[in-house]
Structures are given as structure tokens and as C-alpha cells.
Amino acid sequence: MQRRAAAVYFALLVLIAGGAYAFLQVGMAPPTAEFDADTYGQGDEFAVGGTTYTVAGVDASETEGGEMDYEGELTWTNQTGAEQSTTFGQGENVTLGDVQHVVHFPSGSEVYVLPHDQYLDDYQEFTDIQDHFGERKAGFWGIIYISLIGGIVLLMSAFMPVKG
């Protein structure tokens, strides 16, 4: 009788783990940023404070941990006629002219260059939402691991030999 009850509880724990995994794969889409601003791709130009900036490159690569690593480059010509450039990554601050901007990559081929005075609060709210999503995802993985480990321990203890 104990073994049958352990098998039922094991099936229940596997069902909980399977449901959490299914929810992770189907029901939890990562948050996306929608800013009321233009996105720029490689070769696009935009002006800030009378200077025209060109997006020289937008690159994305996957790190060893599975995270995406974004990098971009802007070029412009200063007042003396010399060509200048700067590189930036996800969430970094860039000063264009006298205006501070924050950079966000919605994809590996596009970049938002958002002025602080207009978009910094929206960007910080988006990063908070991303952090919350990561915490929820980690919580569901915790449920999966604990359910499966608990079920295995329960089954192993039910099938231990009884002395006497």
C-alpha cells in the first residue's frame, strides 16, 4: 500500500513539474520594450544638436552563459572635420553633443538611442520588468527542480527494503 501511495504522490509531483515547465515554455514570453522613439540600424543617420551621427554598426553575439551581448558604434564628424566614433553596449550611457542618452537594443540589428530627459524613467521601468521576469522564471525552475527531486526521494524511500 505504501508503494502505491508513493507512486501516486510521485505522479502528482511530476505533474506539477511538467505544468511548471509547460508554463515556462508557452505561457511566459519575455518582456519587450516599446518606446515612442525611432530605432536605427546599420547605416542609418540621425541628428542631435546640429551634429549628424551615423550608426556604423550594430552587432549581437551570444555569451557562454546564453545571454545576448550587444554592441554598437556611432560615427560623426566634429567641428574641425575629424571623424570620431564611439562604441556602446546594452544599457550604457552615451553623450551626444551635450545631451546624455541611454542605449537599448530591441534586436541584434536595431538600436534605440534614447535621450535621458525623455526616456530614462521608461527605460528603468523596462529593466525592472525584465528583472522581475527573470526572478519569476528562476522561481518556476525552482519548482521544477524541487518537485522532481522530492518525487525521486519519495519513490526511493518507498522502495527501500523493510527489515523484519
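Residues numbered from 1 in each chain as written. Predicted model: local features only at pLDDT ≥ 70, side-chain atom pairs only at ≥ 80, totals over all residues. Heavy atoms only, no water.

Focus on the overall build of the protein chain
- Of the regular secondary structure elements, the protein chain holds two helices and eight strands.
- Element order for the protein chain, N to C, with α for helix and β for strand: α-β-β-β-β-β-β-β-β-α.
- Relative to its length of 164 residues, the protein chain is extended, with a C-alpha radius of gyration of 25 Å against a globular reference of 15 Å.
- In terms of overall dimensions, the protein chain has C-alpha extents of about 95 × 30 × 20 Å along its principal axes.
- In the protein chain, which comprises 164 residues, the share counted as buried stands at 26%.
- In the protein chain, the share of contacts with a sequence separation of at least 24, taken over all contacts with a separation of at least 6, comes to 45%. (Helix = DSSP H or I, 4+ residues; strand = E, 2+ residues; numbered from the N terminus. Rg over C-alpha atoms; globule rule 2.2 N^0.38 Å. Buried < 20%, exposed > 50% of the residue type's maximum accessible area, 1.4 Å probe, protein only. Contact = heavy atoms within 4.5 Å.)

Examining the sheet that holds strand 6 (residues 93-96)
- One open sheet holds the four strands; their spatial order is 1-8-7-6, and the pairing between them is antiparallel. Sheet topology places strand 1 (39-40) and strand 6 at the edges, where each strand pairs with a single neighbour.
- Pairing geometry for strand 1 and strand 8 (residues 110-115), over two bridges, is antiparallel. Counted as the bridge partner of Thr39 is Tyr112 from strand 8. (Pairing = 2+ DSSP bridges.)

Some words on the packing of aromatic side chains
- Applying the stated rule across the entire model yields 12 aromatic pairs.
- When the ring of Phe46 is compared with that of Tyr53, the centres are 5.8 Å apart and the planes differ by 25°; the resulting orientation is stacked.
- The buried category is assigned to Tyr53, whose relative accessible area is 3%.
- One aromatic cluster in this structure is built from Phe35, Tyr112, Tyr119, Tyr123 and Phe126. (Phe/Tyr/Trp six-rings, centres within 6.5 Å; stacked < 30°, edge-to-face > 60°.)

Overview of the sheet that holds strand 5 (residues 83-89)
- An order of 2-3-4-5 is seen for the four strands of this open sheet, with the pairing classed as antiparallel. Each edge of the open sheet carries a strand with a single partner, namely strand 2 (45-48) and strand 5. Between one strand axis and the next, the sheet turns through 30° on average, direction left out of account.
- Bridge count between strand 4 (residues 68-77) and strand 5: seven bridges; the pairing is antiparallel. Within strand 5, the position partnered with Trp76 by the bridge is Gln84. (Axes fitted to C-alpha atoms, helices over the stretch in contact; angles between N-to-C directions.)

Comments concerning the side chain of Ser147
- Note on placement: Ser147 falls in helix 2 (residues 116-158).
- With a relative accessible area of 8%, Ser147 lands in the buried category.
- In contact with Ser147, other than residues within four places in its own chain, are Leu13, Ile16 and Ala17.

Looking at the nonpolar core
- Ranked by size, the top nonpolar core spans 16 residues in total, and within it Phe46, Phe88, Leu96, Phe105 and Val111 carry the most contacts.
- For this core, the elements supplying multiple residues, two or more each, are strand 2, strand 3 (51-62), strand 4, strand 6, strand 7 (99-107) and strand 8.
- Phe35, Tyr112, Leu114 and Tyr123 belong to the second largest nonpolar core, which has eight residues in total. (Core = buried A, V, L, I, M, F, W, Y, C linked by side-chain atoms within 4.5 Å.)

Digging into a negative patch on the surface
- The grouping of Asp121, Asp122, Glu125, Asp128, Asp131 and Glu135 at the surface amounts to a negative patch.
- Position of Asp128 relative to the elements: it lies in helix 2.
- According to the relative accessible area criterion, Asp128 is exposed, its value standing at 52%. (Patch = residues over 30% accessible without salt bridge, like charges linked within 9 Å, V, L, I, M, F, W, Y side chains within 5 Å. Areas by Shrake-Rupley, 256 points an atom, 1.4 Å probe, with all protein chains shown as cover. Salt bridge = Lys/Arg side-chain N within 4 Å of Asp/Glu carboxyl O. Lys, Arg positive; Asp, Glu negative; His and termini not counted. Charge placed at Lys NZ, Arg CZ, Asp CG, Glu CD.)

Some remarks on the side chain of His101
- Checked against the element boundaries, His101 lands in strand 7.
- Overall, His101 belongs to the buried group, its relative accessible area being 3%.
- A polar atom in the side chain of His101 sits 3.0 Å from the backbone oxygen of Val99.
- In this structure His101 touches Val48, Glu92, Asn93, Val94, Leu96, Val113, Leu114, Pro115 and His116, once residues within four positions along its chain are discounted. (Polar contact = N/O pair within 3.5 Å; in protein donor to acceptor, adjacent residues only side chain to side chain.)

Function cannot be read off these values alone, since they describe shape.
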